[in-house]
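# Analysis of the macromolecular model
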Amino acid sequence: MMLKVFARLTLSLFFFLPIAVFAQTASSIIPDSVKKQDTIHQRDLIDIAKSLVRIPSQKMKTEKDKKLYFSFLPFGGNVPGGNGRALITSTTAGTYLGSRETTYESTANFAPYWNLGSRFGLPLHTSVWLPGNTYTVQGDIRFLRYPQYTWGLGNNTDDDHRTLVDYNYVRFYQSVLKRIRPYLFAGVGYDLDFHSGIHSDEQSTDLKQFTGYNNGTAGSSFSSGITFNLLYDTRNNAVNPLPGAYTNIIYRVNPTFLGSNNYWTSLYVDVRKYVPLNPAKPLQQNTIAFWSYFWTTFNGNVPYLDLPSIGWDPNNRSGRGMDQNRYKGRSLFYFETEYRRDITENGLLGFVVFTSVNSVSGSGSLFTSWHPAAGTGLRVKFNKGSGTNIGIDYGFSKGYNAISLNLGEAF
């Protein structure tokens, strides 16, 4: 058992340590010139709305003194991983709890949805940065009724070989990290995943037999664990990252004395890099962004719905152009590249082009089969103060395509 743990840890370090070291070079630090520049020459939908109703423009000093940025977007669209359309609202709030020179933007995103039937969700993501970035508090709370297709484990299942799994889901993740050196934070957290009412909506299908997996495929599953977190972050805006770097390592332990059905552990390593192509104009978007994560589980006792799965990263943003949950396994490797560019000089309109690839282990080994996706999207500046964009993306992969609408960038 220890040899398997050591092998997987070694594999994760082999892939991510070189990237993490590269990310921590001096060139990844956000320049002071970026932090100090204002948005006087930028334009957003709020400016357009003011001009349409002829609201007099305010002096720039009011924008500099503004403490809270608020964005709200109601829309209809497809909820991934299931069938039918849904009514979705997305609300994003951002504020600075300290000086912008020394403190990152704190954000909260609430995006409830309902498909006018059995599927609904109440997800809330929070990221709080205390003055001077001395501490950061990260939260993820969800109450979901979430029927979703599953294709079982591994790389080689056919697109048509699927079944709809119905379940209720409660998630409560909270972590507190302390700065131990500039841009580097360490801390602990608590993660809870409770799935109930797990069953296949197809009466002739036994989920345990369909997936070939024994744990958490019927009734309920409960996972309760402690996390050990290491974070390196030179971005001062997670909603629309400026040039910088990000590395997040989470090791989770789920002991039975905390209520878990079985003892199991997992490792999640997330690395991102943002490379400006025109550093002389830092507020004009012309950036190549890279994102990669490696997510693996140890022991054989992980509940089925807690296994690594495409689109189930912490922010549910991976795998654009793929059906969420399409690939699930004991380990998952993901890599995505995106080019971001403004169309207009005032930043009101922009576009992105992206491509990604992933591999999972299930019936076979990791890296034996690869699954690509690609797409493009339009960006409209919703709130220049917080940097919030409306993102309209079209993505496609083998046997699937979709249009998604979000507030904020995918990563």
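Residues numbered from 1 in each chain as written. Predicted model: local features only at pLDDT ≥ 70, side-chain atom pairs only at ≥ 80, totals over all residues. Heavy atoms only, no water.

## A word on the overall build of the protein chain
The condition is simple: The way it works is that DSSP assigns letters per residue, a run of H or I at least four long becomes a helix, a run of E at least two long becomes a strand, and they are numbered from the N terminus. Relative accessibility decides the category of a residue: with a 1.4 Å probe and only protein chains considered, values under 20% of the type maximum give buried, values over 50% give exposed, and everything between is partly exposed. The contact criterion used is simple: two residues touch if any of their non-hydrogen atoms lie within 4.5 Å. Computed with the Shrake-Rupley method and a 1.4 Å probe, the accessible areas treat only the protein chains shown as cover for residues.
A count of helices and strands for the protein chain gives five helices and 18 strands. Across the 411 residues in the protein chain, those meeting the buried criterion constitute 53%. Within the protein chain, residue pairs in contact and separated by at least 24 positions form 60% of the contacts whose partners lie at least 6 positions apart. Working note: accessible area of the protein chain is about 18900 Å², and carbon and sulfur atoms make up 61% of it.

## Quick notes on the pairing of strand E11 (residues 244-254)
Short version of the rule: When DSSP finds two or more bridges between two strands, those strands count as paired.
Of all eleven residues making up E11, nine are buried, and the element is well covered by its neighbours. Where strand E10 (residues 219-233) meets E11, eight bridges bridge the pair, whose relative direction is antiparallel. Residue pairing across strands places Leu230 opposite Ile249, the latter belonging to E11. With eleven bridges joining them, E11 and strand E12 (residues 264-276) adopt antiparallel strand pairing. Note that in E12 the partner of Ala245 across the bridge is Lys273.

## What to know about the packing of aromatic side chains
Filter applied, for reference: In summary, the pairing rule links any two rings of Phe, Tyr or Trp, Trp by its six-membered ring, whose centres are within 6.5 Å, and it sorts them by plane angle into stacked for under 30 degrees, edge-to-face for over 60 and tilted for everything else.
Applying the stated criterion to the full structure yields 22 aromatic pairs. Relative to Tyr146, the ring of Tyr113 lies with its centre 6.5 Å away and its plane at 70 degrees, an arrangement referred to as edge-to-face. Note that Tyr113 is positioned in strand E4 (residues 113-114) and Tyr146 in the loop between strand E6 (135-145) and strand E7 (148-150), a separation of 33 residues in sequence. Both residues of the pair, Tyr113 and Tyr146, count as buried.

## A closer look at the nonpolar core
We apply this condition: Buried residues of nine kinds, namely Ala, Val, Leu, Ile, Met, Phe, Trp, Tyr and Cys, make up a nonpolar core once their side-chain atoms join them within 4.5 Å.
Core analysis: the largest hydrophobic core is formed by 34 residues, its most contacted members being Tyr167, Tyr293, Ile310 and Trp312. Only strand E8 (163-181), E12, strand E13 (286-298) and strand E14 (331-342) provide two or more residues apiece to this core. If you look at the next biggest cluster of nonpolar residues, it comprises six residues, including Trp129, Phe185, Leu231 and Tyr246.

## Some points on the confidence of the model for the protein chain
To be explicit about the condition: Scored between 0 and 100, pLDDT is the confidence that the predictor attaches to each residue.
Residues at a pLDDT of 70 or more form 81% of the protein chain, whose mean pLDDT is 82. Below a pLDDT of 50 lies the segment residues 1-7, which in the model reaches two contacts outside its immediate sequence neighbourhood of four places, other chains included. Low pLDDT, under 50, characterises residues 9-37; the stretch is placed with 46 contacts to residues that sit more than four places away or in other chains.

## Description of a nonpolar patch on the surface
Defined as follows: Only residues whose relative accessible area exceeds 30% and that form no salt bridge enter a patch; like-charged residues are grouped when within 9 Å of one another, and nonpolar side chains (Val, Leu, Ile, Met, Phe, Trp, Tyr) when within 5 Å. Salt bridges are counted wherever a side-chain nitrogen of Lys or Arg sits within 4 Å of a carboxyl oxygen of Asp or Glu.
On the surface, Ile343, Leu349, Leu378, Ile392, Tyr394, Phe396 and Ile403 cluster together into a nonpolar patch covering about 600 Å² of accessible area. It is strand E17 (residues 388-397) that provides the largest number of residues to the nonpolar patch, a total of three residues. Considering the arrangement of structural elements, one finds Ile392 in strand E17. The exposure class of Ile392 is partly exposed, given its relative accessible area of 36%.

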